[in-house]
Amino acid sequence: MSPVHDLVIRGGEIADGSGAPRFEADVAVDGGRIVRVGDLAGARGREEVDARGLLIAPGFIDAHTHDDRALLSDGAMTPKVSQGVTTVIGGNCGISLAPRPPRIVPPLDLLDNDGQWFRHARFGDYLQALREQPAATNCAMLLGHITLRVLAVDDLERTATDAEIARMRDHVDEAMQAGAIGVSTGLAYGPSRAASTEEVIDVCRPLRAHGGIFTTHLRDEGDTVMDCLEETFRIGRELGVPVVISHHKVVGQANHGRSVETLARIAEQMRQQAVCLDCYPYNASSTILEQELVDGAARVIVTWSKAMPRFSGRDLSDVAHELGCTVETAVERLQPAGAIYFRMHEDDVARILQFDDTMIGSDGLPHDETPHPRLWGSFPRVLGHYARGMGLFPLEKAIHKMTGLTADRFGLADRGHIREGAWADLVLLDAATVADRATFAQPVQPAMGIARVWTNGVAVWRDGRTTGERPGQVLRRQP
């Protein structure tokens, strides 16, 4: 009697997430996991999908997100599943939605500028809420050092006291026991600029015992980027844990081309300790609106403004002209606000993307009124523009950067690969047409060429729309 599986996908080419050449095979799924890969002519599926002419890949893993609130407030996760993403890494840049701080200061307002979603006194309570109200994607969550500082340190202009460090360290221990995968820092941001290297190390000491990971938005990605890399390497060495350099870039005209230098140093250090990095495929960044970032940018687009929401999506120079004031005054009048900054050179972006060990992360901000197009377009942009269009790397290599590499570096067991026993996080796409459609002028646009997406064997994207299913899981790190 022929076996009957929950799902059989027939006749597609498979890029299995390892970077190896694609091959033709069928895939069978039962109970949310891949049970067979090969010729399944003798098997049947309760659901059967004809994948002839299409490519089957592991569901993409977004290595760098700020989806902490979106997972709860918009569980369909349409910006992500529409581009093939089935797992998100949240809590980046030192910004996490828990534990609840006593006040909301920038950049915490990137997650929620009213504070109503900062509801959970402990990180474990937040993870439990994610488990009780699953999203369409899986998630693996980091605890943010900025959130901890705002919670524990009464004067953010100074280094934390021993007592404040102990309080933050207790939260790290609690979060790791509850299922956090590590701690993130954003030392470039105001609330944590005064934190010393020693403070960060002392706060993060529980990571080693729990097998955690340390991720960082470098203290500076401009003139002192090399010194900041060394600080990061030191933190990883002293903690004895793997390090992730978040959204690696070099910013400011004086630093264009310095990715040659940074990547050489990162490659050298990788031979000494566990270091990896992620990157988004654009030459513009996006975060809160700050004058010091405006000063070094060729162009600035306002993404949101609580004081003047009508200027969302407008160039800052045009806003200043319309208000009849200087750019500096416009920045003040828009606060609190967010912006997109054009401060990178395309050659550096391509060079970092092409680096063998670079993972792909969108760094998208889902609550911006006019978001950076990376929120909707990062993964198809790598496949379409950089792999197929520019020939920066083979398609199999691009998919590896989005799947197997990321799963392995973050310790997400049985994710990011198409093989028997792995979870059935899958994307079915047209390799010849997959492309991003989101632009800076029209950023909310789903990608082309993404046919179907499954999370844990359940369809979450089909026929150009979400299915309404919410099969996502909260993932633990398994080094």
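Source: prediction; values computed, not measured. (Residues numbered from 1 in each chain as written. Predicted model: local features only at pLDDT ≥ 70, side-chain atom pairs only at ≥ 80, totals over all residues. Heavy atoms only, no water.)

Draft legend 1. Quick look at the pattern of salt bridges. Following the criterion strictly, the structure yields 32 salt bridges and no others. Across the pair D6 and R46 runs a salt bridge, and its minimum N-O distance is 2.8 Å. Here D6, found in strand β1 (residues 4–14), pairs with R46, found in strand β4 (residues 44–50); they are 40 residues apart in sequence, far enough to count as distant. Owing to a relative accessible area of 60%, R46 belongs among the exposed residues under this scheme. (Salt bridge = Lys/Arg side-chain N within 4 Å of Asp/Glu carboxyl O. Helix = DSSP H or I, 4+ residues; strand = E, 2+ residues; numbered from the N terminus. Buried < 20%, exposed > 50% of the residue type's maximum accessible area, 1.4 Å probe, protein only.)

Draft legend 2. Here's a closer look at the layout of surface pockets. Empty space within the largest pocket amounts to approximately 550 Å³. In terms of lining, the largest pocket is formed by 32 residues, of which the most central are A188, D220, V251, L293 and R343. Residue assignment for the lining of the largest pocket shows that the elements contributing at least two residues are β13 (284–288) and α11 (291–295). Ranked by the residues each element gives to the lining of the largest pocket, the list is headed by β13, at 3 residues. Two domains each put at least three residues into the lining of the largest pocket: domain 1 (59–283 + 344–411) and domain 2 (284–343). What the second largest pocket holds in volume is close to 190 Å³. Along the walls of the second largest pocket sit 17 residues, with A70, D74, P79, P366 and L375 positioned nearest its centre. Elements with a minimum of two residues in the lining of the second largest pocket: α1 (70–73), α2 (78–81) and α15 (374–389). No other element matches α2, which puts 3 residues into the lining of the second largest pocket. (1 Å grid on protein atoms, 1.4 Å probe; cavity = no way out; pocket = protein on both sides within 12 Å on 5 of 7 lines; lining within 4 Å. Points joined across faces, edges and corners; volume = space filled by probe spheres on them. Domains from an automatic or database assignment.)

Draft legend 3. Structural view of the UniProt feature "domain: Amidohydrolase" (unreviewed entry) in the protein chain. Here, the residues flagged by UniProt with the feature "domain: Amidohydrolase" (unreviewed entry) are residues 47–211 and 329–460. A distance of 39 Å separates the end C-alpha atoms of residues 47–211, which is 36% helix and 18% strand. End C-alpha to end C-alpha, residues 329–460 measures 45 Å, and it is 35% helix and 17% strand. (UniProt positions renumbered as here; feature names shortened; annotations may be inferred.)

Draft legend 4. Region of interest: the packing of helix α12 (residues 316–323) against helix α13 (residues 327–334). Between α12 and α13, whose axes approach to 9 Å, the crossing angle comes to 90°. Our classification of the angle between α12 and α13 gives roughly perpendicular. Touching L316, V319, A320 and L323 of α12 are V327, A330, V331, R333 and L334, all from α13. Residues of the contact of α12 with α13, tallied by class, amount to 8 nonpolar, no polar and 1 charged. (Axes fitted to C-alpha atoms, helices over the stretch in contact; angles between N-to-C directions. Parallel < 35°, antiparallel > 145°, perpendicular 65-115°, else oblique. Contact = heavy atoms within 4.5 Å. Nonpolar A, V, L, I, M, F, W, Y, C, P; charged D, E, K, R; others polar.)

Draft legend 5. A look at empty space enclosed by the protein. Taken as a whole and assessed by the stated rule, the structure comprises 2 cavities of 30 Å³ or more. Empty space within the largest cavity amounts to approximately 60 Å³. For the largest cavity, the full set of lining residues is H247, H248, K249, V250, C279, Y280, Y282, M344, D348, V349 and I352. With 3 residues, helix α14 (residues 346–354) is the single largest residue contributor to the lining of the largest cavity. Estimated volume of the second largest cavity: approximately 40 Å³. Together, L71, L130, Q133, P134, A135, T137, C139, G472, Q473 and V474 line the second largest cavity. Residues belonging to the lining of the second largest cavity are distributed by class as follows: 6 nonpolar, 4 polar and no charged.

Draft legend 6. Broad picture of the sheet that holds strand β14 (residues 300–305). Read across the open sheet, the 3 strands follow the order β13-β15-β14; overall the sheet is antiparallel. In the strand order of this sheet, the two ends are held by β13 and β14, each with one partner. Direction aside, neighbouring strands of the sheet carry axes that sit 20° apart on average. Where β14 and strand β15 (residues 337–342) come together, 5 bridges link them in antiparallel fashion. (Pairing = 2+ DSSP bridges.)

Draft legend 7. Quick peek at helix α5 (residues 162–178). Its 17 residues give α5 an end-to-end C-alpha distance of 24 Å, which sits within 8% of 24 Å, the value for a rise of 1.5 Å per residue. Buried residues of α5: E164, I165, M168, H171, V172, E174, A175, M176 and A178, and no others. Phi for G179, located one or two positions after α5, is positive at around 130°. (Expected span 1.5 Å × (residues − 1).)

Draft legend 8. Highlighting the packing of aromatic side chains. One pass over the structure, following the stated rule, counts 4 aromatic pairs. An angle of 65° between the planes, with centres 5.8 Å apart, marks the rings of F123 and Y126 as edge-to-face. A residue pair is termed a helical-turn pair when its members lie 3 or 4 positions apart in one helix, as F123 and Y126 do in helix α3 (residues 123–132) at 3 residues. Overall, the relative accessible area of 1% leaves F123 in the buried class. Ring geometry for Y282 and F440: centres 6.3 Å apart, planes at 85°, overall edge-to-face. Here F440 lies in the loop between β17 (426–429) and β18 (450–455) and Y282 lies in the loop between β12 (275–279) and β13, a separation of 158 residues in the sequence. A relative accessible area of 22% means that F440 is categorised as partly exposed. Through a chain of ring-to-ring contacts, three or more aromatic side chains come together here, namely Y282, F342 and F440. Over the ring of Y341 we find R343, and its NZ or CZ is 5.9 Å from the ring centre. In this arrangement the basic side chain of R381 is found over the ring face of Y282, its NZ or CZ atom lying 4.8 Å from the centre. (Phe/Tyr/Trp six-rings, centres within 6.5 Å; stacked < 30°, edge-to-face > 60°. Lys NZ or Arg CZ within 6 Å of the ring centre and 35° of its normal.)

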